[in-house]
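Each chain, letter by letter, is given below.
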Amino acid sequence: MILVATALAASLAACGRGSTPQRADASQSPPAAGSHARLPSWLPADRGDWTMPAKDFASSRYSALSDLNASTVRALRLAFAFPTGVDRGHESAPLVADGAMYVVTPYPDLLYALNPDGSDASVRWIYAPPVSPASRGVAPYDLVNRGASFSGGRIFFNTLDDQAVAVDAASGREIWRTRVGEVARGESLTMAPVVVRDEVLVGNSGAEFGVRGRLLALDAGSGRILWTAYSTGPDRDVRIGARFRPFYPADSGPDLGTSTWPPEAWRIGGGTVDGWISYDPELDLVYAGTSAPAPWNPDQRSGDNKWTATLFARDPRTGDAVWAYQWNPHDLFGYGGGNESILLDLTWKGVPRKALVHPDRNGFVYLLDRTTGELLSANPYVDVTTIAGIDRTSGRPIERPDKQPSVGRVVRDVCPSAAGGKNWQPSAFSPRTGLLYIPYNNLCEDEELTEASYIQGTPFLGVNRKMYAGPGNNRGGLVAWDPAAGRRIWTTEEPFPAWSGALATGGDLVFYGTMEGWFKALDARTGALLWKFRTKSGIVGPPITYRGADGRQYVAVLAGVGGWAGSIVSAGLDSRDGTAAFGFVNAMRDLPERTTKGGTLYVFALP
């Protein structure tokens, strides 16, 4: 049942209270109109819906809706709330399409169809797929599901036990269900699929179990697997052929997916494709990152370990690689490369460029030419001790010898931690301000390498970690970043990592949630707090906005603490064990005092 709000005063906090935004320096200000990055012209006009987790193929997480702005957002009220009945980490974004809202829960991966304006007190339908309980044992970062996509009257999503599913959006009837992995090998599915034309793109999870990463394309009509592109192995498996033209020499050469590994180690080498996918329909290229290599102990996998921690540009019709850029060769700290890549157009040194901006877990924001893979700029957005910079000639990180991990030695003050300067939580870009809004983590760690042995279906790590707050002791916040200039404009601080992702709107607002349960709206130009609302559980899911059938602008977010950062609460982990959750518990010992388990959809609108 949909619960209509009746009492709001206790939850709606006075506007203006909260952390004060900090400018990068007194001379910096938001870029002038016309001088900044912009969204590609091929994006369709905003109809007021939300049909994929990142809003559009550019992964902008931007809505042009502007009824909510600095003048009106102070009156924002809860329109309705809906409990999902599941209390693990809710990392998905709701969808709104053709007059309905669709919500995917964590395991057991329920799919709800709801009325998006709350006027009908009944659920339209519920789809409950058959999901194996065994999959809970191979979910490394809580039992999360990162959402669905709507296309052609169908909802496409994945289940934790490696099934890709298509459901009729009107009736909730299952159309097809295809198994694309094996739980026994340690594989799971947590990412949100993306539909490009008639192909559903799906990537696997489980690098922490020595799973070999891959991206698959399924036929949207039948669920038949059309092609598979592996992240490691010989060129034929990685789908590297005559079209492959990487920009940097280190990425050229035959079968680098095997020769940059110890013999046969690539078969259990990680590089899963469990992050975000973007698509340029003019270039007809999809952009998908690969995760960290396995094991986490780098001494056991000499070489660059291609093609883990890499961004691939692929032809969606065939899966063939067109170029690749490895963010973190021989990844020393488990950063990987699966974070979002936002597609932008800008003028770079007087030349128009089709670009992409990528805030990597290594703490640097990269600007690449999305046609060729050329590095244009890379600058840190958080405190970084592991890398001195990015070499513009080779495109490779400049590593710091004093932070090189080794067996028998504890390396301290590794910043950012393995959770990254940011993790999976998606950024948002506003073409009105020209700024990228990055939800960041301010976490460092101490780490020690151990010997890892591969046993199928069990963790394959080789590192002991303990994370803790970085400089300043805040553990996260939001950074407003100018991708054209490569600099920070303003930042806010939060006591915990900003794990929810961000939303930017045409009303010059930025929305995001906190792990204690505050849902906030900031001024997109200054970072000033304009509004906030307290939910019953911490927020780790990305917010959305949409136009309802009644013509009003709504904002929606799922609250339900969990994921890697919040598993101390959702999984009930012992706060005395600082190494639990791969070392994240050590940084989150006080989170159980600030929030509780939950699972509720909150939808807001003006009166």
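This text gives an overview of the structure that appears in the document. (Residues numbered from 1 in each chain as written. Predicted model: local features only at pLDDT ≥ 70, side-chain atom pairs only at ≥ 80, totals over all residues. Heavy atoms only, no water.)

**What about the environment of Phe 150?**
Turning to its location among the elements, Phe 150 is positioned in strand E8 (residues 149-151). For Phe 150, a relative accessible area of 13% puts it in the buried group. Residues Phe 150 and Ser 66 lie 84 residues apart in sequence; the distance between their C-alpha atoms is 24 Å. Not counting residues up to four positions away in its chain, the partners in contact with Phe 150 are Thr 51, Leu 95, Ala 97, Asp 98, Tyr 102, Ile 155 and Ala 169. (Helix = DSSP H or I, 4+ residues; strand = E, 2+ residues; numbered from the N terminus. Buried < 20%, exposed > 50% of the residue type's maximum accessible area, 1.4 Å probe, protein only. Contact = heavy atoms within 4.5 Å.)

**Re the sheet that holds strand E23 (residues 375-380)**
Ordered by their spatial adjacency, four strands build an open sheet running E20-E21-E22-E23, and the pairing between neighbours is antiparallel. What marks the edges here is a single partner per strand, and that holds for strand E20 (342-348) and E23. Across this sheet, the average inter-strand angle for adjacent strands is 30°, counted without regard to direction. In the sheet, strand E21 (residues 351-359) pairs with strand E22 (residues 364-369) via five bridges, with the strands oriented antiparallel. The residue bridging Ala 355 from the neighbouring strand is Asp 369, located in E22. (Pairing = 2+ DSSP bridges. Axes fitted to C-alpha atoms, helices over the stretch in contact; angles between N-to-C directions.)

**Thoughts on the sheet that holds strand E26 (residues 411-414)**
Read across the sheet, three strands follow the order E26-E29-E30 without closing on themselves; strand pairing throughout is antiparallel. Each edge of the open sheet carries a strand with a single partner, namely E26 and strand E30 (463-469). Between one strand axis and the next, the sheet turns through 20° on average, direction left out of account. Bridge count between strand E29 (residues 443-449) and E30: seven bridges; the pairing is antiparallel. Within the sheet, the bridge partner assigned to Glu 448 lies in E30 and is Asn 464.

**What to know about helix H3 (residues 563-570)**
With eight of eight residues buried, H3 lies mostly within the body of the structure. Every buried residue belonging to H3 is among Gly 563, Trp 564, Ala 565, Gly 566, Ser 567, Ile 568, Val 569 and Ser 570, and all of these are buried. Check the buried side of H3 and you find it contacts E30. After H3 finishes, the residue Gly 572 shows a positive phi value of roughly 65°.

**A look at the side chain of Ser 135**
Tracing the sequence through the fold places Ser 135 in the loop between strand E7 (125-127) and E8. Side-chain polar atoms of Ser 135 contact the backbone oxygen of Ser 132, separated by 2.7 Å. Setting aside residues no more than four positions away along its own chain, Ser 135 makes contact with Tyr 107, Leu 160, Asp 161 and Val 183. (Polar contact = N/O pair within 3.5 Å; in protein donor to acceptor, adjacent residues only side chain to side chain.)

**Brief notes about the side chain of Arg 214**
Residue position: Arg 214 is located in strand E14 (residues 214-219). Here Glu 187 takes part through its side chain, which lies 2.8 Å from a polar atom of the side chain of Arg 214.

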